[in-house]
Amino acid sequence: MKDYEKRYEILRDILGEKGINIDEVKEKLKRQRIETPSWAYGDSGTRFYVFKQKGAARNVYEKLQDAGEVHKLTGVCPTVALHIPWDYTENWDQLLEYAKSLGIKPGAINPNLFQDDDYKLGSLCNPDRRIREKAINHILECIEIARKLGSRDISLWLSDGTNHPGQDDIRDRKHRLEESLKEVYKHLDDGMRLLLEYKFFEPAFYLTDIGDWGMAYLLSVKLGPKAMVLVDLGHHPLGTNIEQIVAYLIDEGKLGGFHFNAKKYADDDLTVGSINPYELFLIYNELVGAEEEGLKLDVAYMIDQSHNIKQKIEEMLQSVENIQKAYAKALIVDRKSLKRYQQEGDVVSAEKVLTDAFETDVMPIIYKAREEMGVPLDPISALRESGYLEKIKKERS
């Protein structure tokens with residue numbers, strides 16, 4: 001018997017005493033889905049410089065090729081978020097067929113409203129109606145691309161804001177934003193969703209037009225049921241209780257998705273789970289707790305990172321594994337005991353339930369799930385041994 005299988009059986013007994021079925025945890029891990037971003041496979045960097053990597057994807061087809069490799073090695077990453085115009089192509093049918101040939105398909109479509117001289121004073125909030133209409137038309141173009149690719153979500157982040165007091169009228173900007181979003185919203189097909197992302201600062205440094213989850217939530221309520229809130233883990237001031245935001249959005253039925261990454265200071269776009277893995281676990285604890293209480297969640301779990309120093313595919317594999325571990329640990333929380341201690345006011349015991357789950361080595365469950373899915377137990381080692389990295393360095397030189 002392999003070492004992890006022995007540990008799996010030991011965990012079966014330990015969790016079984018708490019009423020947790022380890023095989024059900026394993027099956028949920030096998031059904032987990034994590035979307036990777038096309039832009040993380042190409043050369044990208046900080047706000048200051050891009051350190052180019054040999055073999056980095058140079059176009060959307062090479063990005064899909066790398067994403068397909070990640071899915072082949074993990075079994076849980078079947079979709080790829082696309083960014084327009086970064087990933088624009090003249091033949092979407094051809095792109096879709098190529099993605100399918102790799103065992104993957106396009107995911108969320110991300111409009112770009114921050115890399116155009118016209119957007120100096122904003123896009124959807126710009127004082128100039130012509131520029132607002134230009135931005136709206138770009139989003140409508142993205143909706144049409146989503147139709148062609150069979151994608152459901154339009155993931156919208158606005159860099160709109162102002163840098164100086166008095167630069168623009170704040171309420172006027174709010175009115176322009178609502179008017180623009182309503183025009184976009186009415187073009188969504190049934191089954192499509194508009195995911196509204198928020199960020200408290202940058203690139204605007206006085207105010208951001210969708211600056212926090214409350215603004216995004218209010219807009220989504222005004223727009224209707226096809227509008228949801230997207231939570232990017234790096235888009236909050238230091239010390240923000242993100243798990244509380246997640247719990248509120250779950251309870252209001254407005255949590256549409258995540259952009260997973262990690263930060264130390266601001267929007268650092270670091271490897272998921274690399275800075276504060278306990279926070280990631282607590283976020284998943286809210287998600288799993290809601291599902292086990294019978295709430296039906298429809299959340300898009302997406303990675304959004306800037307892979308600047310680490311080898312790009314390897315960092316993606318790291319991120320996926322850290323998400324898997326956080327999810328697995330949330331699945332083994334003794335929720336019956338947790339609820340009892342909470343109701344009794346036993347704060348120490350309630351917290352210990354969470355820390356016990358967080359400190360548990362869940363890799364035996366992940367290994368078992370990987371074995372049954374027919375993917376490598378160690379994806380990074382498998383990637384390094386496969387020759388894929390050497391192949392793309394040669395082909396993309």
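Residues numbered from 1 in each chain as written. Predicted model: local features only at pLDDT ≥ 70, side-chain atom pairs only at ≥ 80, totals over all residues. Heavy atoms only, no water.

Student: Please explain the overall build of the protein chain as it appears in this structure.
Tutor: Across its full length, the protein chain holds 15 helices and 10 strands. The C-alpha atoms of the protein chain give 22 Å as radius of gyration, which agrees with the globular expectation for 397 residues (21 Å, within 12%). Considering only residue pairs separated by 6 or more positions, the protein chain has 78% of its internal contacts joining residues 24 or more positions apart. As displayed, the protein chain offers around 18400 Å² of accessible surface, 51% of which is attributable to carbon and sulfur atoms. (Helix = DSSP H or I, 4+ residues; strand = E, 2+ residues; numbered from the N terminus. Rg over C-alpha atoms; globule rule 2.2 N^0.38 Å. Contact = heavy atoms within 4.5 Å. Areas by Shrake-Rupley, 256 points an atom, 1.4 Å probe, with all protein chains shown as cover.)

Student: Whenever I open this one, the side chain of Lys-263 confuses me. Can you help?
Tutor: Tracing the backbone shows Lys-263 in the loop between β9 (255-260) and α9 (277-292). Excluding residues that lie within four positions of it along the chain, Lys-263 makes contacts with Leu-233, Gly-234, His-236, Pro-237, Leu-238, Asp-268, Leu-270 and Ile-275.

Student: Explain the pattern of salt bridges to me, please; I cannot follow it from the model alone.
Tutor: Where charged atoms of side chains with opposite charge meet at close range, the side chains can pair. Here the structure, examined in full by the defined rule, presents 41 salt bridges. Put simply, Glu-202 and Lys-199 hold a salt bridge, and the shortest N to O gap is 3.2 Å. Across this residue pair, the class does not change: Glu-202 and Lys-199 are buried. By sharing partners, the salt bridges in this structure join Glu-9, Arg-12, Asp-23, Lys-26, Glu-27, Lys-30 and Glu-372 into a single network. (Salt bridge = Lys/Arg side-chain N within 4 Å of Asp/Glu carboxyl O. Buried < 20%, exposed > 50% of the residue type's maximum accessible area, 1.4 Å probe, protein only.)

Student: What exactly am I supposed to notice about the side chain of Arg-370 here?
Tutor: Counting through the fold element by element, Arg-370 comes out in helix α13 (residues 363-373). What Arg-370 contacts, discounting residues up to four positions off in sequence, is Glu-321, Gln-324, Met-363, Val-375, Pro-376, Leu-377 and Pro-379.

Student: Is there a simple way to explain the environment of Asp-66 in this structure?
Tutor: With respect to the helices, strands and loops of the structure, Asp-66 is situated in helix α3 (residues 60-74). Taking the C-alpha atoms as reference points, Asp-66 and Ser-274, 208 residues apart in sequence, are found 22 Å from one another. Excluding residues within four positions of it along the chain, Asp-66 makes contact with Tyr-41, Ala-57, Ile-313, Tyr-388, Ile-392 and Arg-396.

Student: Explanation requested: the nonpolar core in the structure shown.
Tutor: Most often, soluble globular proteins have nonpolar side chains that are buried together. Formed by 108 residues in total, the largest nonpolar core has its most connected members in Leu-124, Phe-258, Phe-260 and Tyr-284. Contacts of Phe-260, omitting those with residues within four sequence positions, involve Leu-233, Val-272, Leu-280, Tyr-284, Tyr-301, Met-302, Ile-303, Asp-304, Gln-305 and Ile-323. Membership of the second largest hydrophobic core comes to 6 residues, among which are Ala-108, Leu-195, Met-228 and Met-302. (Core = buried A, V, L, I, M, F, W, Y, C linked by side-chain atoms within 4.5 Å.)

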